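Read off the chains here:
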Amino acid sequence: MNGQVTKARMNIQLWRPTALDEAYSLLEKLAPDVCAASGSTLLQLQWDKGTLPKQHLVSLEGIDEMRGISASDTHVSIGALTSLNECRKNPLIKRALGCFSDAASAVAAPGIRSRATIGGNIASKIGDFIPLLLVLGAELIVYQKELIRLPLGAWLSEEDFRTAIVTRVIIPRAEGERVFYHKLGRRQAFTGAVAVAAGRFLKDGGIRLAAGHADITPRRLLDSEAKWMAPGWDSHELYKTLIHELPFSSDAFMSAAYRKKAAANVIMAELMAEGGE
C-alpha cells in the first residue's frame, strides 16, 4: 500500500447508521466522495492496489434489517450482512440450497470469508457468487428511498438502481435439478478468479448458464443456452459459441483467450456429462 493511500485512509470519516433510510440519506448527501461498506474486504483489496479511498465510509453493519436467514417451501432469503462463512455453514442453507453452501467454500480464503458478506459480493457487481445466483434465478430486495424487489439480472444491467443498497437476496430452491459451479484460479486465496462458471439443468429440459471473473460483471450465456437446447446440437459448434460468448477480458497476468478456454472446457465437461453427443 503506497503512502498516499495510507494517508488518505487515516482521514476517512466513518458513519454508522442504524436504519436503511438513514444510510441512504448519508450516501445521497455525501456523494460522490462516499462509499458503503459491510465487511470491507473488497475495499481492502482496492486500497492494496493503490486505489485512493473515499473521504466518507458509511458502515452498514448496524442495520438489523439486513441480517437474518429464512426459508419457505420455494425460496431461501439471506440478509445482505450474512458472511460468506455463514453461507457455507448455516444448517438451513445447507439443507435448502446445498449448491449455494458448497459454492461458498470455493469463494475466497477462510479468513476473508469470515468478514466478507453476500451483500458486498453482489453489490460489487463482479462477485464470484453472481454467476451461480444468475442461474438460480435470484432476486434482490434493494433500498432506494423504499424497498424494491427485482431480478438480479435487471439490477446488474439497469442504471436506475446504481445508488440502491442491497438489503437481501431471495434464491429459489433448485430441488431435483442439477446445478454446477466452478471457480477457476491459481490458488484458493484473496485473488481474482481466472474464471467463474455456473449452470443449472432445469426440470423442463432447459438450461441456464452464466460466467464471469473478477474484473467484469458476470452475465447469462443466452446464445450457448439456445445452442444446447437445439435438437441434435453439435459439441464443436457449442464450444465455438461458448468461446465467442464468454464475456472475458485480459489483464496483466492472463489473456482473455486463456480465460475463455478454461471456462469453456469446464462448461463443456458438465454438458457432456449431462448427455452430450
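Shown above is the structure to which this text applies.
Below or above, wherever it landed, is the structure these notes cover. From a predicted model like this one, the values you see are computed outputs, not experimental measurements.

1. Things to note about the packing of aromatic side chains
So, step 1. All told, the structure shown has 5 aromatic pairs when counted by the stated rule.
So, step 2. Judged by centre distance (6.1 Å) and plane angle (45°), the rings of Phe-180 and Phe-201 are tilted. Within this pair, whereas Phe-180 is found in strand S9 (residues 178-184), its partner Phe-201 is found in strand S10 (residues 195-201), the two being separated by 21 residues in sequence.
So, step 3. Between Trp-228 and Trp-233, the aromatic rings sit 6.4 Å apart at their centres with planes inclined by 35°, giving tilted as the arrangement. Like Trp-228, the residue Trp-233 is buried in the burial classification.
So, step 4. Through a chain of ring-to-ring contacts, three or more aromatic side chains come together here, namely Phe-180, Phe-201, Trp-228 and Trp-233.
So, step 5. Positioned above the aromatic ring of Trp-155 is the side chain of Lys-125, whose terminal nitrogen or guanidinium carbon lies 4.7 Å from the ring centre.

2. Here's the deal with the side chain of Glu-270
So, step 1. Mapped onto the elements of the fold, Glu-270 is located in helix H13 (residues 256-275).
So, step 2. Classification of Glu-270 as buried rests on a relative accessible area of 13%.
So, step 3. Beyond its immediate chain neighbours, meaning those up to four positions away, Glu-270 contacts Arg-178, Phe-180, His-182 and Phe-201.

3. Digging into the environment of Glu-177
So, step 1. Of note, Glu-177 is situated in the loop between strand S8 (165-172) and S9.
So, step 2. With relative accessibility at 17%, the residue Glu-177 sits in the buried group.
So, step 3. Polar side-chain contacts of Glu-177 include one of 2.5 Å to the side chain of Arg-200.

4. Description of unusual backbone geometry
So, step 1. Omega for the peptide link from Ala-31 to Pro-32 comes to 10°, which places this bond in the cis form.
So, step 2. Within the secondary structure, Pro-32 sits in the loop between helix H2 (20-30) and strand S2 (34-37).
So, step 3. Of note, the phi angle at Lys-145 is positive, near 75°, even though the residue is not glycine.
So, step 4. Here Lys-145 shows up in the loop between strand S6 (139-143) and strand S7 (147-151).
So, step 5. Judged by its relative accessible area of 59%, Lys-145 falls in the exposed class.

Definitions and limits used
Residues numbered from 1 in each chain as written. Predicted model: local features only at pLDDT ≥ 70, side-chain atom pairs only at ≥ 80, totals over all residues. Heavy atoms only, no water. Phe/Tyr/Trp six-rings, centres within 6.5 Å; stacked < 30°, edge-to-face > 60°. Helix = DSSP H or I, 4+ residues; strand = E, 2+ residues; numbered from the N terminus. Buried < 20%, exposed > 50% of the residue type's maximum accessible area, 1.4 Å probe, protein only. Lys NZ or Arg CZ within 6 Å of the ring centre and 35° of its normal. Contact = heavy atoms within 4.5 Å. Polar contact = N/O pair within 3.5 Å; in protein donor to acceptor, adjacent residues only side chain to side chain.

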